[in-house]
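Read off the chains here:
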Amino acid sequence: MKKMMKIMGALALLVLLASPVHADEVVTAGSVAAESGYAIDNLFLLLGAILVILMQPGFAMVECGFNAAKNAVNILFKNVMDLCIGCILYFLFGYGIMYGDAILGGFMGWGGMGIGAVGGDMAAGSLTPQCDFLFQVAFAATAATIVSGAVAGRLKFSAYLTYSAVLTGLVYPISGFWKWGGGFLDQMGFYDFAGSGLVHAVGGFAGLAGAIVLGPRIGKFSADGKPRGMPGHNLPLAALGVFLLWIGWYGFNPASQLAIVGKANTEAVMLIAVNTTLAAAAGGILAMLTTWFIHKKPDLTMALNGILAGLVGITANCDGVTNVEALVIGIVAGILVVLGVKLLDAIKVDDPVGAWPVHGLCGIWGLIACAIFGDGSYWGEAANGALYGNWIAQIAGAVLVPLWAFGTMFVLFSILKKFNALRVSPEEELRGLDIGEHGEEAYSGFQLWTIK
Amino acid sequence: MKKMMKIMGALALLVLLASPVHADEVVTAGSVAAESGYAIDNLFLLLGAILVILMQPGFAMVECGFNAAKNAVNILFKNVMDLCIGCILYFLFGYGIMYGDAILGGFMGWGGMGIGAVGGDMAAGSLTPQCDFLFQVAFAATAATIVSGAVAGRLKFSAYLTYSAVLTGLVYPISGFWKWGGGFLDQMGFYDFAGSGLVHAVGGFAGLAGAIVLGPRIGKFSADGKPRGMPGHNLPLAALGVFLLWIGWYGFNPASQLAIVGKANTEAVMLIAVNTTLAAAAGGILAMLTTWFIHKKPDLTMALNGILAGLVGITANCDGVTNVEALVIGIVAGILVVLGVKLLDAIKVDDPVGAWPVHGLCGIWGLIACAIFGDGSYWGEAANGALYGNWIAQIAGAVLVPLWAFGTMFVLFSILKKFNALRVSPEEELRGLDIGEHGEEAYSGFQLWTIK
Amino acid sequence: MKKMMKIMGALALLVLLASPVHADEVVTAGSVAAESGYAIDNLFLLLGAILVILMQPGFAMVECGFNAAKNAVNILFKNVMDLCIGCILYFLFGYGIMYGDAILGGFMGWGGMGIGAVGGDMAAGSLTPQCDFLFQVAFAATAATIVSGAVAGRLKFSAYLTYSAVLTGLVYPISGFWKWGGGFLDQMGFYDFAGSGLVHAVGGFAGLAGAIVLGPRIGKFSADGKPRGMPGHNLPLAALGVFLLWIGWYGFNPASQLAIVGKANTEAVMLIAVNTTLAAAAGGILAMLTTWFIHKKPDLTMALNGILAGLVGITANCDGVTNVEALVIGIVAGILVVLGVKLLDAIKVDDPVGAWPVHGLCGIWGLIACAIFGDGSYWGEAANGALYGNWIAQIAGAVLVPLWAFGTMFVLFSILKKFNALRVSPEEELRGLDIGEHGEEAYSGFQLWTIK
Amino acid sequence: MKLIIAYIQPEKLTAVKQALYEKDVFKMSVTNALGCGQQKGYHETYRGADIEVNLLKKVRLDIAVNADFVETTIEAIISGARSGNIGDGKIFVQDLEQCIRIRTGEKGDEAIG
Amino acid sequence: MKLIIAYIQPEKLTAVKQALYEKDVFKMSVTNALGCGQQKGYHETYRGADIEVNLLKKVRLDIAVNADFVETTIEAIISGARSGNIGDGKIFVQDLEQCIRIRTGEKGDEAIG
Amino acid sequence: MKLIIAYIQPEKLTAVKQALYEKDVFKMSVTNALGCGQQKGYHETYRGADIEVNLLKKVRLDIAVNADFVETTIEAIISGARSGNIGDGKIFVQDLEQCIRIRTGEKGDEAIG
Ligand SMILES: Nc1ncnc2c1ncn2[C@@H]1O[C@H](COP(=O)(O)OP(=O)(O)O)[C@@H](O)[C@H]1O
Ligand SMILES: Nc1ncnc2c1ncn2[C@@H]1O[C@H](COP(=O)(O)OP(=O)(O)O)[C@@H](O)[C@H]1O
Ligand SMILES: Nc1ncnc2c1ncn2[C@@H]1O[C@H](COP(=O)(O)OP(=O)(O)O)[C@@H](O)[C@H]1O
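Before going into details, it helps to say that this report is about the structure given with it.

Regarding the site of ligand 3
Near ligand 3 there are 22 residues, and of these Lys27, Ser29 and Arg103 of chain D together with Gln38 and Lys90 of chain F occur at the shortest range. Chains contributing residues to the immediate surroundings of ligand 3 are chains D and F. A distance of 3.0 Å separates an oxygen atom of ligand 3 from a polar atom in the backbone of Gly87 of chain F. Between Gly89 of chain F and ligand 3, the recorded distance is 3.0 Å, taken from a backbone N or O atom to an oxygen atom. Isolated, ligand 3 exposes 550 Å² of accessible area, and the fraction of that covered by the protein chains is 100%. Every element with two or more residues in the shell around ligand 3 is listed here: strand E2 (28–36) and strand E5 (56–65) of chain D together with strand E2 (28–36) and strand E6 (89–95) of chain F. Looking at the shell around ligand 3, its residues break down into 8 nonpolar, 7 polar and 7 charged.

Structure (structure tokens):
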């Protein structure tokens with residue numbers, strides 16, 4: 001293998017050096033550009049996909065750490081499985097729906113099952129179909145895994161498997177098509193660079209639907225309706241998870257430029273990376289200060305949420321805002337996420353990890369920020385001549401996309417509930433889903449206060 | 001977004017093609033190709049090496065999490081040290097043995113100690129010797145670390161150090177030479193793209209040898225010979241480890257193409273990445289379903305093993321199978337691994353983490369899958385004119401390589417046993433190796449049920 | 001370093017443009033080189049920055065795992081916040097101070113707040129300002145986070161926030177300017193490739209200052225002054241952290257070459273990567289052997305420190321030493337770190353994680369190693385004609401840089417102490433900072449021996 | 001004075017505490033325990049192999065009370081802990097000779113409450 | 001009725017349970033404990049510094065039995081727990097005034113078993 | 001023989017052990033406990049929501065001594081554990097009928113020490 005490749009490489013060079021003078025020379029320089037551009041941009045996207053997949057352990061650790069030890073196996077298992085199921089379902093249906101040609105009057109697309117080709121045209125900025133799929137499936141899996149945190153501690157394992165199949169195979173790709181597949185949202189000038197709305201808001205609102213249909217965990221609200229803190233069992237894991245998410249986001253945002261070759265691309269990618277960093281940092285600090293101010297003590301879990309909030313907020317607009325605007329976006333997100341958590345407590349919705357405040361609320365914030373900060377012209381013109389990122393389009397998207405995710409998932413979870421395939425029994429919940437659903441403890445041998 | 005970029009890319013190419021003619025460009029263009037190709041391919045391999053090294057914490061966390069808390073320090077220490085020792089020993093001897101010129105009638109190679117040069121010929125597909133070493137040593141360390149899980153909970157620390165020196169310095173490089181060094185297996189058309197056999201089966205069977213010579217942990221089999229579950233103490237860590245392994249595998253497989261520049265390479269790399277993903281996902285799902293079916297409850301640890309099984313299974317053939325075939329390979333691996341675990345229980349071999357079912361059994365499966373699915377012609381012709389991946393060659397390799405690892409390690413462990421330098425005392429084993437061998441607890445301050 | 005590369009990049013482009021015949025054609029080949037070179041080198045640095053940021057969870061896990069469970073939230077929070085604060089402060093002030101034009105007679109630089117531009121000149125080796133910032137801020141955050149471990153278990157959270165703002169916004173950039181900003185140390189021929197001194201020694205000595213001003217944790221030294229072991233509570237996390245640090249170092253060192261395009265760069269990067277690997281491995285093994293020899297049992301935490309010691313030691317010189325010299329540097333570092341730990345115990349300084357032995361002591365060792373091993377000429381000539389890495393310059397740097405960090409931080413911590421804003425109350429310390437400062441437990445539900 | 005020791009199901013602790021509070025019993029000590037009794041254990045499988053768990057998680061209450069409080073205390077515990085299922089637990093009563101409040105040095109009856 | 005409290009070496013628990021089962025003693029409660037006795041502690045080193053461990057891990061058994069069962073129970077415990085080494089542990093016997101089964105409200109002898 | 005049971009503040013354990021050693025009381029057993037008493041619990045907030053903690057971490061000491069040692073032992077505990085603040089804890093004394101050293105089978109007074 002190794003040898004073989006070395007030779008190929010050498011040959012490649014010879015060919016170039018050997019090739020005689022004339023017409024084809026131009027091709028020489030051109031082909032060099034095409035060849036290395038093709039390699040670089042695909043390598044860049046591969047790196048991006050890998051980083052986005054690194055967000056999976058990130059989510060798994062955050063959600064696991066923010067929940068009770070007695071449910072750790074269950075939540076880990078859900079996180080592992082939404083990735084596995086997501087890969088298969090998105091391969092079979094999702095990808096075709098999201099990036100195929102419009103059908104059903106532009107409601108969704110269809111390009112057949114699977115990926116289709118292996119090869120593409122050799123040029124900078126052109127992705128091989130396989131590479132393109134890998135990057136896209138990583139995003140689908142991200143949307144899916146957001147939900148597990150919101151429904152933690154009470155949703156049946158089997159129900160979650162059903163959910164994740166439906167989301168990655170159908171719901172996410174359809175709203176994805178509306179924008180990234182070139183659907184009507186795209187045509188009206190809706191802008192969502194890397195998915196504050198299409199990925200995070202979808203996940204966040206799907207999670208909200210789940211949390212509402214399920215109802216709160218036993219003990220989350222006292223008899224007189226006061227919210228009770230149900231502390232996470234492993235904050236070091238949760239912190240690790242947030243660090244991994246931060247790092248994974250360097251794939252999520254910069255790689256969404258989809259090419260790095262060419263001055264414009266190279267510089268866009270780097271601007272995006274820095275904006276992502278600044279928003280994350282600002283979000284973390286502000287969330288810390290906000291809780292410090294409200295509750296007199298700095299709360300780690302809120303600061304961690306704040307970092308994620310900043311990242312979600314910058315996702316839709318990171319390619320079109322300045323560094324300073326990125327800071328502002330992060331600052332607002334950091335405050336929003338804390339208020340979002342308190343809002344859910346107020347309306348008695350139990351979202352153990354803050355999936356909605358982070359991904360839902362700040363996802364919308366990211367979309368609106370496009371209209372506020374983004375100089376629309378930067379993003380060019382939409383089919384209907386409107387500028388990308390204009391207020392109407394952003395509001396339309398910020399309403400329709402979350403609504404779509406919330407609505408469909410609300411229906412799905414309600415159906416499961418009807419066949420009471422949704423929630424585990426109170427005994428099981430009290431004892432922990434790990435024993436009840438998996439007959440397996442996460443921390444065998446550790447003495448836990450069984451009284452919590 | 002995507003679309004937009006595609007167009008930009010195309011334009012970029014056109015511009016280049018448009019520009020007119022002359023002589024010296026050819027050289028200029030050629031040198032450009034060589035220079036950037038050299039940079040890109042070496043960068044690609046560096047990234048690959050880094051990802052493969054990321055598999056080290058992956059293995060460490062899985063093995064640590066799947067074992068008892070009282071042995072956590074010991075297993076972590078072994079994982080840390082096999083990397084350190086592996087780097088040194090492979091640098092001193094292994095690399096020279098694996099990629100040197102054939103000696104002892106082609107039994108092994110020898111190219112001197114160390115790496116030799118710093119510079120290479122500047123061309124696409126040509127790796128600097130240092131880069132090549134880094135990538136290779138990462139593989140050697142992978143083979144080594146697989147074993148620690150199989151012998152966990154009873155093998156002496158010093159014995160493990162000895163073992164890992166021998167494996168990375170001698171045993172692994174020799175069988176590696178047979179194929180990747182251009183030895184007899186390569187010449188007869190044996191195919192193993194990224195090491196289902198040369199890396200994973202070697203590790204898996206070395207581990208099996210250790211598990212057999214050592215005998216089971218106290219309490220693993222009841223008086224009447226029934227296998228007893230000895231639960232892992234930290235499944236969140238184990239799950240994290242599997243995620244890291246999955247991600248590391250994007251270095252292990254795609255980077256084994258050893259070049260990304262050139263249409264063929266670029267597209268091969270991306271196909272490999274997707275096949276790797278699909279096999280992992282399928283393996284995880286099938287292993288879950290299989291245990292669910294057999295034991296009525298979905299078992300997280302088995303699903304995690306299943307993901308690894310799928311990854312191991314696809315490693316030998318990922319560059320020559322279709323996406324759908326990759327799914328099938330993963331599905332089979334996912335079932336095999338569960339059966340493998342039950343097989344070991346049946347024959348009373350105690351492999352605490354399932355190293356053999358995952359790496360040994362599915363490693364062989366990967367090799368056989370080359371013959372089943374791989375269109376031999378795709379992989380070109382071997383020295384003897386046979387097609388790569390032909391049945392005879394694959395069977396030969398699938399027998400000889402594991403046999404070599406198993407045999408040599410069986411001897412080594414037996415010798416250590418004779419000088420009873422192999423296994424800790426029963427008291428030490430019951431109390432835990434952490435106190436006995438290191439006088440250090442992994443979770444100081446935590447209350448553990450000392451009665452397990 | 002940076003500067004040098006910038007110039008090289010510019011030259012590269014000029015050469016191409018200069019080469020004879022028909023301006024535009026040349027531009028064709030030249031522009032291809034510039035375009036892909038620009039993309040590759042910036043991608044390379046982006047990857048580097050991401051890897052360096054991966055060191056943040058690495059540090060967080062090591063420091064968390066090496067300390068008591070009752071302080072886990074506090075130390076995690078500090079690690080999260082020094083990254084957030086570091087990003088903002090370095091953006092606002094640090095970057096401008098470190099890479100601006102000399103002011104105050106060359107004591108520091110100033111280039112204004114923020115980053116300034118988005119675009120740069122398109123050429124290989126030329127970094128976009130944003131990319132350059134991202135890489136630099138990752139280094140600043142590294143220096144900052146080192147300290148948290150040395151002051152763990154007793155420093156107030158608010159004091160730490162103050163400290164990290166000052167370090168990343170002022171102290172680190174100033175000494176950084178002396179060398180990497182082209183200041184007097186650079187001019188006299190001081191060499192520090194990737195920051196053994198400018199990053200690690202700065203962090204290590206800042207930490208030492210903190211540890212001294214704070215005084216030891218209650219119980220660290222017995223009445224008769226004997227040091228007492230205060231075991232870390234989660235060694236699996238600590239081991240994971242070290243693995244992440246090892247991996248992150250592949251960004252820290254290789255990417256400090258600041259370019260990979262061009263034969264010299266490509267090969268330098270790979271040499272650096274291998275040297276880094278060998279030094280880490282050697283450091284780990286030697287630290288293990290040293291403690292084994294002294295205390296009769298191999299101590300995991302020391303081996304982990306040893307790996308880091310090797311990495312720190314090779315950081316200043318990895319581009320100019322041979323593989324074998326890298327081994328020697330790692331070996332010495334592995335021994336030094338153990339002696340360093342014992343030294344601190346002897347002088348009754350309490351550094352819970354060994355931040356000074358690892359980053360301070362071995363940081364200096366790395367600088368001295370430049371003079372010992374580095375063939376000065378390799379690193380070219382300094383402004384004053386002296387060779388880079390000469391003894392005088394290295395000693396000067398090895399004294400001034402640590403002194404600067406130690407002195408400034410000693411003052412800062414002393415001031416905080418005066419306003420007793422430095423250390424928590426004994427009650428709070430005994431009970432744990434998590435409850436006292438954050439009202440949050442790291443492991444809610446776990447039974448901890450409250451008596452430790 | 002008497003020392004009442006009760007082993008109950010962990011999930012009943014809150015109910016038992018409630019019941020005790022209502023009867024003005026505010027002082028108690030709680031420890032984790034594993035119990036083995038009439039209640040048969042259960043079987044888990046781990047990686048396909050069987051695990052027999054016959055030591056079940058229980059919570060132990062230690063409550064020191066004055067003699068005249070024993071009955072009410074016991075009734076409170078029962079009312080909070082009884083589910084009617086095997087595993088509900090046991091209550092043990094022992095004589096308590098002396099009780100001292102460390103803070104004040106008070107002894108006997110006034111120390112206990 | 002008597003309450004038997006035994007502190008044993010953790011690794012002996014299985015043997016002790018076995019011995020008790022053979023004597024038809026099936027009910028007990030188990031808790032983790034740290035013990036400090038004749039058995040000197042041991043020294044660990046952590047990062048080169050000394051740690052003196054003088055509280056050793058023990059397992060505590062609480063077994064309530066009828067008076068006539070005391071001897072057999074004690075013998076069973078000893079037979080399972082004795083290794084002849086320092087640290088084997090101790091057995092304490094106390095009087096038990098009352099025993100109530102929460103589930104049924106049964107009292108005394110029939111509740112105990 | 002008597003069995004002394006004391007609940008103290010965790011951070012006082014070292015001091016109490018010291019005090020006991022000085023009075024030649026070397027043998028004891030220690031367990032973790034949660035205590036609920038005069039000392040009101042405290043409130044934490046987690047993600048902005050309130051957590052009422054009314055079971056506080058305590059350490060439980062079990063010390064079996066000969067009758068003539070009871071006073072000294074109690075004094076030692078008090079001297080080590082008293083801070084004068086609510087939460088200092090309680091000491092309980094019970095009669096102990098029998099004590100057996102598993103290792104030797106010794107009984108009574110010579111077994112206890
Ligand atoms: N004789 C005993 N000695 C000590 N503990 C006991 C005894 N009998 C019961 N227990 C404790 O009470 C718990 C519940 O008793 P069990 O027999 O399982 O249910 P039930 O209360 O229905 O009989 C046991 O798990 C054990 O902890
Ligand atoms: N007087 C005592 N009071 C309370 N617990 C005791 C007493 N004596 C012994 N123990 C418990 O018994 C355990 C074993 O006793 P020890 O003296 O260490 O060994 P031996 O049984 O050989 O004398 C101790 O660790 C402690 O838990
Ligand atoms: N009546 C009791 N029964 C059992 N445990 C008690 C009793 N009274 C006190 N305790 C234990 O002693 C601890 C301290 O008592 P507390 O009333 O809080 O403080 P003080 O000692 O100042 O009254 C309690 O947390 C509890 O563990």
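Observations concerning the interface of chain B and chain A
With 93 residues of chain B at the interface, the matching set in chain A holds 97 residues. The contact between chain B and chain A buries some 7900 Å² in all, and 78% of this surface belongs to carbon and sulfur atoms. Joining chain B to chain A, the criterion identifies 10 residue pairs in polar contact (both at pLDDT 80 or more). Elements with a contribution of two residues or more to the side of chain B that touches chain A: helix H1 (2–18), helix H2 (25–65), helix H4 (129–150), helix H8 (235–252), helix H9 (263–295), helix H10 (300–315) and helix H11 (323–346) of chain B. The greatest single-element share of the side of chain B that touches chain A, amounting to 17 residues, is contributed by H9 of chain B.

Some thoughts on the packing of helix H7 (residues 196–214) of chain A against helix H12 (residues 355–373) of chain A
When two helices pack together, you describe them by how their axes are tilted relative to each other and by the distance separating the axes. Residues and elements named next belong to chain A. It is at 8 Å that the axes of H7 and H12 come closest, and there the two elements cross at 145°. The way H7 lies across H12 gives a crossing that is left-handed. Side by side, H7 and H12 meet where Ser196, Gly197, His200, Ala201, Gly204, Phe205 and Leu208 of the first sit next to Ala355, Trp356, His359, Gly360, Gly363, Ile364, Gly366 and Leu367 of the second. Grouping the amino acids of the contact of H7 with H12 by side-chain chemistry returns 7 nonpolar, 8 polar and no charged.

Description of the side chain of Asp62 of chain E
Structurally, the position occupied by Asp62 of chain E is in strand E5 (residues 56–65). Classification of Asp62 of chain E as buried rests on a relative accessible area of 4%. One polar contact links Asp62 of chain E to Arg60 of chain D, side chain to side chain, over a distance of 3.2 Å. The residues contacting Asp62 of chain E, other than those within four sequence positions of it, are Tyr7 and Arg60 of chain D together with Leu3, Ile4, Ile5, Met28, Ser29 and Thr31 of chain E.

Some remarks on the interface of chain D and chain F
Between chain D and chain F, the residue contacts involve 29 residues of the former and 31 residues of the latter. Carbon and sulfur atoms make up 53% of the area that chain D and chain F hide from each other, which totals about 2300 Å². Asp62 of chain D is paired through a salt bridge with Arg60 of chain F; the nearest N and O atoms lie 3.2 Å apart. Residue composition of the side of chain D that touches chain F, grouped by class: 13 nonpolar, 7 polar and 9 charged. Sheet analysis places strand E7 (residues 98–101) of chain D next to E6 of chain F, joined by 4 bridges and oriented antiparallel. Bridge pairing links Cys99 of chain D to Phe92 of chain F in E6 of chain F.

Examining the site of ligand 2
The local shell around ligand 2 holds 22 residues, among which Gln38 and Lys90 of chain E together with Lys27, Ser29 and Arg103 of chain F are the closest. A distance of 3.0 Å separates a nitrogen atom of ligand 2 from a polar atom in the backbone of Ala64 of chain F. A distance of 2.6 Å separates an oxygen atom of ligand 2 from a polar side-chain atom of Arg103 of chain F. Taken by itself ligand 2 offers 540 Å² of open surface, and the protein chains cover 100% of this. When grouped by side-chain class, the residues that make up the shell around ligand 2 number 8 nonpolar, 7 polar and 7 charged.

So, how was this worked out
- Residues numbered from 1 in each chain as written.
- Chains lettered and ligands numbered in written order.
- Predicted model: local features only at pLDDT ≥ 70, side-chain atom pairs only at ≥ 80, totals over all residues.
- Heavy atoms only, no water.
- Near = heavy atom within 4 Å.
- Polar contact = N/O pair within 3.5 Å; in protein donor to acceptor, adjacent residues only side chain to side chain.
- Areas by Shrake-Rupley, 256 points an atom, 1.4 Å probe, with all protein chains shown as cover.
- Helix = DSSP H or I, 4+ residues; strand = E, 2+ residues; numbered from the N terminus.
- Nonpolar A, V, L, I, M, F, W, Y, C, P; charged D, E, K, R; others polar.
- Contact = heavy atoms within 4.5 Å.
- Buried area = accessible area lost by both parts, 1.4 Å probe.
- Axes fitted to C-alpha atoms, helices over the stretch in contact; angles between N-to-C directions.
- Left-handed = near helix turned anticlockwise from the far one by under 90°.
- Buried < 20%, exposed > 50% of the residue type's maximum accessible area, 1.4 Å probe, protein only.
- Salt bridge = Lys/Arg side-chain N within 4 Å of Asp/Glu carboxyl O.
- Pairing = 2+ DSSP bridges.

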